Amino acid sequence: MRNSNWIRTLVTTGIVLIAAIVFYFVFLNNGPAHKDMGASSTAELQAAFPDHAKPGAPLSSEYRKVAESDRLVLRLKEASLSIQVVDKRSGYTWSSEITDTEANESWKNFMASGLSLDYFEQEKPNSTRTDYVSQANKSVVFEPIENGFKAIIRLNDLKLGLDLHVKLEDDQLVVHIPQHSIVEGEKVKLGSVYVYPFLGATKAGEIDGYMFIPDGSGALIRLADNKGKFKIPYEARIYGMNEGIETSKRDMYTNPPHAVQYPVFGIVHGEGGNGLFGIVENGQYNAKILAYPNGVNTPYNWTTAQFLSRESYLQMTSRTLGGIVVFEKERNPEDMQIRYKFLNGQDASYVGMAKTYQSYLADKGVLKKMEGGSDAAIPVQVDVLGAETENGMFAQRLIPVTTAAQLEAMLADMKQNGIRNVNVVYKGWNEGGLSGTSPAPVKYEAALGSADDFARLAAAVSQQGGQLHLYSDFTAAYEGSARFSAQSDAAKKIDKSIITLPTYQKVYDTMYYLSADSTRNIVQQNKKQYADLNVSGAAVDTTGSVLFSESVDGKPSARRNTADTYMAAMKGLAETVPSVLMYSPNDYMLPYADQVLEVPMDSSQYIYVSEVVPFVQMVLKGYKDYYAPYTNFFANPQTSLLRMIETASYPSYYLTHESSYKLKFTDSNDVYTSAYADWRESMADSYRILNEALQPVRYAAIENRARLAADVVQVTYDNGIAIIINYANRDFQGEDITVPANGFQVIEVNR
């Protein structure tokens, strides 16, 4: 072609331009630090991890100031990547570095390093831990960022690297690792990350104080010399077990520990002195909270978060030969970030941590302050079982235990006995009863009543100040449901096997989890049907508290994706149904829960826990109505009643009209005592006592909690009311008041 010269010129120019761009990103701009290196070329890896890195400026072994805010000063020791944070209000210095000449080399380096990693090697199923100090062949470049620094880190022998951002924001420290900055070679893959794990650590009992862990309602681990009593640390995955990769260890004889529903931790150096409160802001869907009391591996008390990038799991090879242990090919896709809040004075306590977290959630719009007067009666929540099933000779047989008319009569009797503001959750209301029908059909069980009967029931509940909620579970599934097929609707583990859980029951012995997409579809279908039935409320179980990764179309889908799908589904439900209740929801579900059910009042009773505290209740009080676990299931009703007063928890019950004996051969055979006739008088007495105690603080927030004596606690509210609770078997004599044994007193205090 006579005029083709310009085409050749254009092509040549394009090739040169592309080559220049590649050269710039790979060699001049630290390109590998800004993208996932899972499929990096040999040239790119060589550029990121040279065999013989050029020596740079020597890393400082002394601390230097790198940032300052109105309240904090940040110092950095380059040689160990460790930091110090000085609280200008008190002059107190928080250090991430522990210098211990007596520790073995591995722990000595781990305690000195600002960054530690677990990594996997090819064909090795178990991870290996290393740290920044231990790695001799490393490269690091420190760059200033706004009010902080960035460290571009390369562990050259391992072919692992990442960027660490550390900065001050007013009275807070933010530590951030962008996911796109992680660099990996072919043979070594990142397993997990610990960043500043020893920030705030103390030795034995040298400093009086405690670590706070988010176990149950909240728990403290005293900073003490434990004389070698404890061998195992607190290690809990945020949002509970990941059934998509972990093997369930449930059994029918032991109660599982409480799941971590709030991604927080903390440490106090002298209550009323100085405190450090950590919030896992990013990466929480694949992270653990760790707390090591003195004597567990080291003489130090330390608490932190561990971010999980990959995990090992059992890949089944056959049904008979078992499987092999492998690690995940893909990294979890989230950034990693912890926000530390520095507390001093009266805020340096678990109370200050709760108030800090409450403000944090309120600022994000997760919590909203409630409004109302002190003359409003407290609410009571009643779960009522409508129908169950048991095995018959040829098919399951329906067992009605509370019809709509019977429930309406129960509510009328409650009103006559002085119980007001009743919220009702109707379980087993749907066609086929409770067990085996999930995801349940949105159709009333004819044996319980007609549509008109249910409409009258809803009106009766409304007249008593509450709402009727239909029990719903959009995650748990059984093959007894006409809306579920295990092959097409069940969630699959990342090894592509179906997630199944034993129920240890006789009628339906296996439970499944719906895939996240199936959950979304079921919610979409139910929304329209709820609207058609003019449903006043829904009570959502499992979906708010369970989280798993899964295999979708043969590819792994992270827990973050499941959570996002759940949140979108619950947002749509909350926009359709006037009232949504949730059982034990994780923190990300709080915006869609009008009220919170089954909030624990205890911890998992680990041996190293020195005190159980109402952290969760202090966060929620005045912002969300919340309810204790079922009162009729408490082993010690009197103590539990006082505990409800102390935690400002409203009562809940699990009731039936018929005797619970009728449930003996159903999957609800663990409901031992539920007949309303057996509980009506006790309910009325308990409600009267709780209303007397909690009505004056109906919409108030908790301001403080103090221990006046070994068995006496005072809880103070922001409306000037305080409640003193005496758990002792003798009267408590205060300055101007006597609190009866196993009793309480409501008083006014100076604000």
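Remember, it's a predicted structure, so these values are computed and weren't measured experimentally.

1. Focus on the overall build of the protein chain
Item 1. Looking only at helices and strands, the protein chain has 12 helices and 45 strands in total.
Item 2. Looking at the protein chain residue by residue over its 751 residues, the buried ones come to 58%.
Item 3. Pairs at least 24 apart in sequence give 65% of the contacts found in the protein chain among residues at least 6 apart.
Item 4. For the protein chain, the exposed area adds up to about 32,300 Å²; of that, 50% sits on carbon and sulfur atoms.
Item 5. If you average the places of the 70 positive and of the 86 negative side-chain charges in the protein chain, the two averages end up 5 Å apart.

2. Things to note about the environment of methionine 370
Item 1. For methionine 370, the location among the structural elements is in the loop between helix 4 (350-363) and strand 24 (380-385).
Item 2. Distance from methionine 370 to glutamine 337, taken between C-alpha atoms, is 31 Å for residues 33 residues apart in sequence.
Item 3. In this structure, methionine 370 is in contact with Gly622, Tyr623, Lys624, Asp625, Arg698 and Tyr699, ignoring residues within four places of it in sequence.

3. Here's the deal with unusual backbone geometry
Item 1. Look at the link from serine 438 to proline 439: it is a cis peptide, with omega at 0°.
Item 2. Phi angles above zero are rare outside glycine, and aspartate 170 is one such case at about 60°.
Item 3. Along the chain, aspartate 170 falls in the loop between strand 9 (160-169) and strand 10 (172-177).
Item 4. Look at aspartate 170 and you get partly exposed, because its relative accessible area is 40%.

4. A look at the nonpolar core
The nonpolar side chains of a soluble globular protein tend to be buried, and buried together.
Item 1. In terms of nonpolar packing, the biggest core is built from 209 residues, with Leu164, Leu173 and Phe615 touching the most fellow members.
Item 2. Excluding residues that lie within four positions of it along the chain, leucine 173 makes contacts with Leu74, Ile83, Val85, Val166, Lys167, Leu168, Leu199, Ile338, Arg339, Tyr340 and Phe342.
Item 3. Counting residues in hydrophobic clusters, the runner-up holds six residues, among them Val712, Ile724, Phe732 and Val739.

5. Considering the sheet that holds strand 29 (residues 476-477)
Item 1. An order of 29-31-30 is seen for the three strands of this open sheet, with the pairing classed as antiparallel. The open sheet has two free edges, formed respectively by strand 29 and strand 30 (500-502), since each of these has just one partner strand.

6. Some details on the pattern of salt bridges
Item 1. Evaluation of the coordinates by the stated rule reveals 37 salt bridges.
Item 2. A salt bridge links glutamate 78 to arginine 64, with the shortest nitrogen-to-oxygen separation between them at 2.7 Å. With glutamate 78 in the loop between strand 2 (72-77) and strand 3 (82-87) and arginine 64 in strand 1 (residues 64-68), this pair connects stretches of sequence that are 14 residues apart.
Item 3. One salt-bridge network, held together by shared partners, links Glu611, Arg643, Glu646, Arg705 and Arg707.

7. So, the sheet that holds strand 4 (residues 92-95)
Item 1. Ordered by their spatial adjacency, four strands build an open sheet running 1-2-3-4, and the pairing between neighbours is antiparallel. Each edge of the open sheet is held by one strand with a lone partner, namely strand 1 and strand 4. Taken over all neighbouring pairs, the strand axes of this sheet differ in orientation by 25° on average, direction set aside.

8. Here's the deal with helix 3 (residues 105-112)
Item 1. Listed as buried for helix 3 are Trp107, Asn109, Phe110, Met111 and Ala112.
Item 2. Buried residues in helix 3 make contact with strand 3, strand 5 (115-121), strand 6 (128-131), strand 12 (188-195) and strand 20 (300-308).
Item 3. The backbone nitrogen of serine 106 has a side-chain oxygen 3.1 Å away, supplied by the residue at the start of helix 3, namely asparagine 104.

9. So, the side chain of serine 217
Item 1. Relative to the helices and strands, serine 217 resides in the loop between strand 14 (209-213) and strand 15 (219-222).
Item 2. On the basis of relative accessible area, serine 217 is assigned to the buried category, the value being 0%.
Item 3. What serine 217 contacts, discounting residues up to four positions off in sequence, is Pro600, Met601, Asp602, Val612, Val613, Pro614, Phe615, Val616, Gln617 and Arg643.

10. Structural notes on the packing of aromatic side chains
How two aromatic rings sit relative to each other is set out by the distance from centre to centre and by the angle between their planes.
Item 1. Within this structure, the stated rule accounts for 36 aromatic pairs.
Item 2. Arranged with centres 4.3 Å apart and planes meeting at 15°, the rings of tyrosine 292 and tryptophan 302 form a pair that is stacked. Placement of the pair is tyrosine 292 in strand 19 (residues 287-292) and tryptophan 302 in strand 20, with a sequence separation of 10 residues.
Item 3. A relative accessible area of 1% places tryptophan 302 in the buried class.
Item 4. The side chain of arginine 129 reaches across the aromatic face of phenylalanine 110, ending 4.8 Å from its centre.
Item 5. We note lysine 427 situated over the ring of tyrosine 654; from NZ or CZ to the ring centre the distance is 4.8 Å.

11. A word on the pairing of strand 19
Item 1. Across the six residues of strand 19, six count as buried, placing the element largely inside the fold.
Item 2. The side-chain alternation of strand 19 yields two buried faces, one formed by Ala287, Ile289 and Ala291 and the other by Lys288, Leu290 and Tyr292.
Item 3. Summarising the sheet, strand 16 (residues 234-237) and strand 19 pair through four bridges and their orientation is antiparallel. Bridge pairing in strand 19 places alanine 236 opposite isoleucine 289.
Item 4. Sheet topology note: the strand 19/strand 20 ladder contains six bridges and is antiparallel. Following the sheet pairing, isoleucine 289 is matched in strand 20 by alanine 305.

12. With respect to the environment of valine 749
Item 1. Mapping valine 749 onto the fold places it in the segment after strand 45 (743-748).
Item 2. The sequence separation of valine 749 and lysine 187 amounts to 562 residues, and the corresponding C-alpha distance is 65 Å.
Item 3. Aside from chain neighbours lying at most four places away, what touches valine 749 is Gln714, Thr716, Gly720 and Ala722.

13. Section: the confidence of the model for the protein chain
Keep in mind that low pLDDT regions are not for reading the predicted coordinates in detail.
Item 1. In this model, the protein chain carries a mean pLDDT of 91, and residues with pLDDT of at least 70 account for 92%.
Item 2. Across residues 1-39 the pLDDT falls below 50, and counting only partners more than four positions away or on other chains, this stretch makes 43 contacts in the model.

14. Observations regarding a nonpolar patch on the surface
Item 1. A contiguous nonpolar surface patch, about 240 Å² in accessible area, is contributed by Leu314, Met316 and Val325.
Item 2. Along the polypeptide, valine 325 turns up in strand 22 (residues 322-327).
Item 3. Residue class for valine 325 comes out partly exposed when judged on its relative accessible area of 41%.

Definitions and cut-offs
Residues numbered from 1 in each chain as written. Predicted model: local features only at pLDDT ≥ 70, side-chain atom pairs only at ≥ 80, totals over all residues. Heavy atoms only, no water. Helix = DSSP H or I, 4+ residues; strand = E, 2+ residues; numbered from the N terminus. Buried < 20%, exposed > 50% of the residue type's maximum accessible area, 1.4 Å probe, protein only. Contact = heavy atoms within 4.5 Å. Areas by Shrake-Rupley, 256 points an atom, 1.4 Å probe, with all protein chains shown as cover. Lys, Arg positive; Asp, Glu negative; His and termini not counted. Charge placed at Lys NZ, Arg CZ, Asp CG, Glu CD. Core = buried A, V, L, I, M, F, W, Y, C linked by side-chain atoms within 4.5 Å. Pairing = 2+ DSSP bridges. Salt bridge = Lys/Arg side-chain N within 4 Å of Asp/Glu carboxyl O. Axes fitted to C-alpha atoms, helices over the stretch in contact; angles between N-to-C directions. Polar contact = N/O pair within 3.5 Å; in protein donor to acceptor, adjacent residues only side chain to side chain. Phe/Tyr/Trp six-rings, centres within 6.5 Å; stacked < 30°, edge-to-face > 60°. Lys NZ or Arg CZ within 6 Å of the ring centre and 35° of its normal. pLDDT = per-residue confidence, 0-100. Patch = residues over 30% accessible without salt bridge, like charges linked within 9 Å, V, L, I, M, F, W, Y side chains within 5 Å.

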